[in-house]
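In case you want the letters, here they are:
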Amino acid sequence: MKASLAKEVNRIAGLIFLAALAALAVGHTWPLLVGLGGYIIWSTRQLFALYSWLVRDDHTEPPDSIGLWGEFYTRLEHLFQKERRAQENLQGIIHRAQQSVNALDDVVILIDQHGYLEYWNHAAERAMGFNASQDLGQPLTNLIRHPRFTGYLSKGDFQDPLEIPSPVNDNRILQFRVTEFGIGEQLLIARDVTRLHHLEQMRKDFVANVSHELKTPLTVLKGYLETLLDTLPEEQARLRRALMQMDNQSNRMEALVADLLLLARLEGTEADSVRQAVPVHGMLNRMKENALAIGSDKDHQIELDVPLDARLIANPAELESAFGNLITNAVKYTPANGTIRIRWWQDSCGAHFSVTDNGIGIDPAHIPRLTERFYRPDNSRVTETGGTGLGLAIVKHVMIRHDGRLEIVSELSKGSTFTCHFPAERLVSKPTAVAG
Ligand code: ADP
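Bear in mind that the values here come from a model prediction, so they are computed numbers and not experimental data.

Procedures and definitions
- Residues numbered from 1 in each chain as written.
- Predicted model: local features only at pLDDT ≥ 70, side-chain atom pairs only at ≥ 80, totals over all residues.
- Heavy atoms only, no water.
- UniProt positions renumbered as here; feature names shortened; annotations may be inferred.
- Helix = DSSP H or I, 4+ residues; strand = E, 2+ residues; numbered from the N terminus.
- Pairing = 2+ DSSP bridges.
- Axes fitted to C-alpha atoms, helices over the stretch in contact; angles between N-to-C directions.
- Contact = heavy atoms within 4.5 Å.
- Disulfide = S-S within 2.5 Å.
- Phe/Tyr/Trp six-rings, centres within 6.5 Å; stacked < 30°, edge-to-face > 60°.
- Buried < 20%, exposed > 50% of the residue type's maximum accessible area, 1.4 Å probe, protein only.
- Lys NZ or Arg CZ within 6 Å of the ring centre and 35° of its normal.

Colleague: Would you mind going over the UniProt feature "domain: PAS" (unreviewed entry) in the protein chain with me for this structure?
Modeller: Taking the numbering used here, the UniProt-annotated feature "domain: PAS" (unreviewed entry) corresponds to residues 101-147. As annotated, residues 101-147 comprises 40% helix and 19% strand, and the C-alpha atoms at either end are separated by 28 Å.

Next comes the structure, spelled out in structure tokens:
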């Protein structure tokens, strides 16, 4: 390029020199003006030629030219060729990526930061009924209108997947996972989990049916045991002990069946089927009296720190089960003369209910698994306390159904605090939150 520049400068200098010589020879300046004017006209024509070449789409076959202009065209043509090759390469990659995404059985959907549809694959067309000519650029929530789906997207917590029926076929169940990327963009991947869902449903139905079927034989057994205990002569002490043990175990079985049925109901029904402004103080005060009665032999001190006007938008029966389980556990796992504190408070994050005891505590290593069904850190406690091992699983389910979470803090031999956190939307002071 440098050499061409020097040549062009030489050419201009030569032209000026020749024009100046001619001007001297004729004794007038017009040869100089003609020379310079000619050069300017030639350069302007080159500029126009360059412009019309640049605005063309293909940028092939540049105009013929000499000197610096010729060099310009050659270099620009090379640059365009390079860019064309890079673009073709990129398009090839995009095409291959699209082909492979289209070959997937899983649904892939891309939405922009405003929730508008940007891209989807063939599986999405089959499972969602998307149509390229109508749906591109539409808000996704206009096309998938399931309330749980819109709630899931607006909540923005994508730790757990979401399962909903396919918008085009109620019999197919899709499991959605959302990954955020870029500036608020989202990648949604959905797969058909109908088979798994059916298996899970069969498991739930089986447990619920068995529990239900056990109720009648248990009632009959308990009835006969009671009659036998009532009519047994005093001198038959050994038989009485055996019957009493049978009575205890049948009571435990009854509690197990009741808890299993409650869990089945919590899993199998829509949350929020019942929503009321529940006066919490009265409920907790009753539970405190119950707790004192259950643990009457342990002489616990139970403190109730709950504002009189505390209220929560909730299902009262479910709330009672959850709170009742936590308070009963505190009584069960706190030795005689221990202290139990029941608290309720509200702040900008929502409402909080906690039960603190200074009982036997739990090794923190067990805490992550504590809400699993039948998980017990120490099996020897089972016979001592007669629990079902389902209490905390019930609490966890109730909290999920109330958009809340259960927090457990505990130290072995020091005591435990179980806290239920409810979101601010469930506070009664929020006018929009109140519902029938
Ligand atoms: P369980 O019927 O055995 O009490 P839960 O699901 O209610 O079943 O509790 C699971 C386990 O968690 C219990 O077996 C017990 O070991 C432990 N646990 C629950 N609450 C407390 C508590 N307040 N203090 C100590 N351990 C507790």
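Don't stop here, the text continues.
Colleague: What should I look at first to understand the environment of Asn142 in this one?
Modeller: Mapped onto the secondary structure, Asn142 falls in helix 6 (residues 140-143). As for Asn142 and Arg401, which are separated by 259 residues in sequence, their C-alpha atoms are 25 Å apart.

Colleague: Would you mind going over the sheet that holds strand 9 (residues 339-347) with me for this structure?
Modeller: Reading across from one edge, 7-9-10-12-11 is the order of the five strands in this open sheet, with mixed pairing throughout. What marks the edges here is a single partner per strand, and that holds for strand 7 (301-305) and strand 11 (405-411). Within this sheet the neighbouring strands show an average axis-to-axis angle of 10 degrees, counted without direction. Against the sheet, helix 10 (residues 280-294) makes contact with strand 7, strand 9 and strand 10 (350-357), and its axis sits at roughly 180 degrees relative to strand 7, the strand it touches most. On top of the sheet, helix 13 (residues 391-401) reaches strand 11 and strand 12 (415-423); it is set at about 20 degrees to strand 12, its chief contact.

Colleague: Explain the state of the cysteines to me, please; I cannot follow it from the model alone.
Modeller: By definition, a disulfide links the sulfur atoms of two cysteine residues through a covalent bond. All chains considered together, the criterion is met by zero disulfides. In this structure Cys349 is a free cysteine whose sulfur lies 15 Å from that of Cys420, the closest cysteine sulfur available.

Colleague: Whenever I open this one, the packing of aromatic side chains confuses me. Can you help?
Modeller: The geometry of an aromatic ring pair is captured by two quantities: the separation of the ring centres and the angle between the planes. Taken as a whole, this structure holds 11 aromatic pairs when the rule is applied. For the ring pair Phe323 and Trp344, a centre distance of 6.3 Å and an interplane angle of 70 degrees mean the geometry is edge-to-face. Of the two residues, Phe323 sits in helix 11 (residues 316-332) while Trp344 sits in strand 9, which places them 21 residues apart along the sequence. Here the two residues Phe323 and Trp344 agree in accessibility, since each one is buried. Members of the aromatic cluster, each reached through a chain of ring pairs, are Phe323, Trp344, Phe353 and Phe422. Over the ring of Trp345 we find Arg343, and its NZ or CZ is 4.1 Å from the ring centre.

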